[in-house]
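Geometric and topological summary
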Amino acid sequence: YEVVLHKAPERVVDLAGVRQVAWSAGLDLGALPEGPLRITGIPNARLMAEVAAERALDGLDAEDFGGAPVDPQDLVEQGREHGLRVIPTWSSRSVALFDAVLLPADDGDAVLSGVYVPATTGGPWTNNPVAARGIGAVVKAARARLSERL
């Protein structure tokens with residue numbers, strides 16, 4: 001968990017309900033409407049290789065996220081060039097994606113709330129410890145298979 005405590009802030013800006021724009025390849029930050037704005041579903045260049053490896057281990061094809069992945073820091077720098085403050089945050093849709101909140105660059109003294117917006121649907125968000133009972137058979141079968149092939 002991450003907790004940020006603030007003592008007597010002058011101004012708090014809640015970003016949870018700001019206007020959202022879906023990411024698309026070639027999106028121009030300078031052409032977006034002014035004001036607080038959230039860009040959702042940006043492919044994260046820092047995690048694409050790991051997500052692809054995990055999918056390959058699960059026997060799945062690589063997922064297409066609609067365009068070239070973006071490094072969050074590159075987006076921050078691109079926003080700075082357009083006079084914007086870009087705040088990258090986790091996406092609630094996938095670990096391979098991130099969201100970015102865009103603010104005017106001169107809005108740097110406000111305390112921000114609601115930067116990360118958790119998923120309201122999906123789940124389950126708990127695990128089932130009873131499901132681990134059968135793992136011994138899986139490990140035994142994997143060892144037998146490996147000893148045959150090696």
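Residues numbered from 1 in each chain as written. Predicted model: local features only at pLDDT ≥ 70, side-chain atom pairs only at ≥ 80, totals over all residues. Heavy atoms only, no water.

Digging into the environment of Glu54
- Along the polypeptide, Glu54 turns up in helix α1 (residues 48-57).
- Taking the C-alpha atoms as reference points, Glu54 and Leu84, separated by 30 residues in sequence, lie 35 Å from one another. (Helix = DSSP H or I, 4+ residues; strand = E, 2+ residues; numbered from the N terminus.)

Description of the pattern of salt bridges
- Applying the stated rule across the entire model yields 2 salt bridges.
- Here Asp71 and Arg46 are joined by a salt bridge, their closest N and O atoms 3.1 Å apart. Within this pair, whereas Asp71 is found in the loop between α1 and α2 (72-81), its partner Arg46 is found in the loop between β3 (37-43) and α1, the two being separated by 25 residues in sequence.
- Classification of Asp71 by relative accessible area gives partly exposed; the value is 21%.
- With a closest N to O distance of 3.4 Å, Arg55 and Glu63 form a salt bridge. (Salt bridge = Lys/Arg side-chain N within 4 Å of Asp/Glu carboxyl O. Buried < 20%, exposed > 50% of the residue type's maximum accessible area, 1.4 Å probe, protein only.)

Remarks on the confidence of the model for the protein chain
- Looking at the protein chain as a whole, the pLDDT averages 85, with 95% of positions reaching at least 70.
- Mean pLDDT values over the elements of the protein chain span from 83, in strand β6 (residues 111-113), up to 94, in α2. (pLDDT = per-residue confidence, 0-100.)

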